[in-house]
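Chain by chain, the residues:
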Amino acid sequence: MSLTKLFTLVFLRKEDQILLGLKKRGFGMNKWNGFGGKVEPHETIIEAAVRELSEESRMTVKPSDLINIAHLEFTFHEEPVMMDVRVFVTKTFEGTPKETEEMAPKWFNIKDLPFSKMWPDDEIWFPYMLEGKKFVGKFHYKGFDTILHHTIEEQESM
Ligand code: 6U4
Ligand code: NA
Ligand code: NA
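What comes next is a walk through the structure. (Residues numbered from 1 in each chain as written. Chains lettered and ligands numbered in written order. Predicted model: local features only at pLDDT ≥ 70, side-chain atom pairs only at ≥ 80, totals over all residues. Heavy atoms only, no water.)

### A closer look at the coordination of the sodium ion (ligand 2)
- On the protein side, the sodium ion (ligand 2) has Gly 36 (O), Glu 56 (OE) and Glu 102 (OE) as donor atoms, found 2.2 to 2.5 Å from it.
- For the sodium ion (ligand 2), all donor residues lie on one chain, and their spacing in sequence is G-x19-E-x45-E.
- Between the sodium ion (ligand 2) and the sodium ion (ligand 3) the interatomic distance comes to 3.3 Å, and Glu 56 is a ligand of both metals. On the criterion of sequence distance, the pair formed by Glu 56 in helix α1 (residues 45-57) and Glu 102 in the loop between β5 (79-90) and β6 (103-109) is long-range, its members being 46 residues apart. Considered together, Glu 56 and Glu 102 belong to a single accessibility category, that of buried residues. (Donors = N, O, S within 2.8 Å, 3.2 Å for Na, K, Ca; no water. Helix = DSSP H or I, 4+ residues; strand = E, 2+ residues; numbered from the N terminus. Buried < 20%, exposed > 50% of the residue type's maximum accessible area, 1.4 Å probe, protein only.)

Structure representation (structure tokens):
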């Protein structure tokens, strides 16, 4: 796999709720997701996670409060790109979610998630995250709607 791109994805938890944002532009537009984006060359993965969360929702977290719960690897039929997505959760944060240029944030009850308007893989791996598991998930897509195959392996630690 020649072209690997590193991304972050952050989820804030508050009791039985999770903060998602409706993406307003670019990759994943019109889908609900956590907050995140590309890791820039000058920053660590954690720094990117903190920055993207703030840029997209105006929420603030300390780097040490982010718990890395998953690695997700997305590959695409007949495309040499791999997306390596590092997933973080935390219950410790400051601020009130605000709509930004990129995302419109909203708290969802974890029993009432909008899976039909999320990435198809989310319905497969969210249950692991919501049960507090750590895992590596690999998803091979054809286009952006069809998962040809996937694996999920639980990990002792990330
Ligand atoms: P700009 O250029 O600022 O719009 P940037 O915010 O750096 O982009 P973006 O938003 O394109 O990056 O990053 C994609 C986001 O979507 C990351 O948080 C990872 C996440 N993501 C990508 N594919 C996903 C998938 N199949 N399932 C999922 N999240 C995915 O749950
Ligand atoms: Na983003
Ligand atoms: Na961004």
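### As for the coordination of the sodium ion (ligand 3)
- The protein atoms donating to the sodium ion (ligand 3) are Glu 52 (OE), Glu 56 (OE) and Glu 102 (OE), with metal-donor distances spanning 2.4 to 2.9 Å.
- Coordination of the sodium ion (ligand 3) draws on donor residues from a single chain, spaced E-x3-E-x45-E in sequence.
- Given the relative accessible area of 1%, Glu 56 is considered buried.

### So, the side chain of Thr 90
- Relative to the elements of secondary structure, Thr 90 occurs in strand β5.
- Exposure remark for Thr 90: the relative accessible area of 3% places this residue in the buried category.
- Within the structure, the side chain of Thr 90 is placed 3.0 Å from the backbone oxygen of Asp 65, a separation counted as a polar contact.
- The contacts of Thr 90, once residues within four sequence positions are left out, are Phe 11, Leu 12, Arg 13, Val 61, Asp 65 and Leu 66. (Polar contact = N/O pair within 3.5 Å; in protein donor to acceptor, adjacent residues only side chain to side chain. Contact = heavy atoms within 4.5 Å.)

### Some words on the site of ligand 1
- Neighbouring ligand 1 are 19 residues; Thr 8, Asn 33, Lys 38, Asp 121 and Asp 122 lie closest to it.
- Interatomic distance of 2.9 Å between a side-chain N/O atom of Asn 33 and a nitrogen atom of ligand 1.
- Contact distances for ligand 1 include 3.1 Å between an oxygen atom and a side-chain N or O atom of Glu 102.
- When ligand 1 is considered free in solution it has 650 Å² of accessible area, and contact with the protein chains removes 86% of it.
- Looking at the shell around ligand 1, the elements with two or more residues in it are β1 (3-14), α1 and α2 (122-130).
- When residues of the shell around ligand 1 are assigned to their parent elements, the largest contribution, 3 residues, is made by β1.
- Broken down by class, the residue content of the shell around ligand 1 amounts to 7 nonpolar, 4 polar and 8 charged. (Near = heavy atom within 4 Å. Areas by Shrake-Rupley, 256 points an atom, 1.4 Å probe, with all protein chains shown as cover. Nonpolar A, V, L, I, M, F, W, Y, C, P; charged D, E, K, R; others polar.)

### What about the pairing of β1?
- Bridging between β1 and β5 involves 10 bridges; their strand directions are parallel. Counted as the bridge partner of Lys 5 is Met 83 from β5.
- Here β1 pairs with strand β2 (residues 17-23) via 2 bridges, running antiparallel. Note that in β2 the partner of Arg 13 across the bridge is Ile 18.
- Hairpin geometry of β1 and β2 is characterised by an intervening segment of 2 residues between the two adjacent antiparallel strands and by a positive phi of about 50 degrees at Glu 15. (Pairing = 2+ DSSP bridges.)

### Some words on the packing of aromatic side chains
- Inspection of every chain in the model, using the stated rule, returns 16 aromatic pairs.
- Seen from their ring centres, Trp 119 and Tyr 141 are 6.3 Å apart, and the 80 degrees between their planes marks the pair as edge-to-face. In this pair, Trp 119 is assigned in the loop between β6 and α2 and Tyr 141 in strand β7 (residues 134-142), connecting sequence segments 22 residues apart.
- According to the relative accessible area criterion, Tyr 141 is buried, its value standing at 1%.
- Seen in terms of ring centroids, Trp 125 and Phe 126 are 4.8 Å apart; in terms of plane orientation they differ by 45 degrees. Their pairing is tilted.
- Taking relative accessible area as the criterion, Trp 125 reaches 0% and is therefore assigned buried. (Phe/Tyr/Trp six-rings, centres within 6.5 Å; stacked < 30°, edge-to-face > 60°.)

The analysis is restricted to geometry; functional conclusions fall outside its scope.
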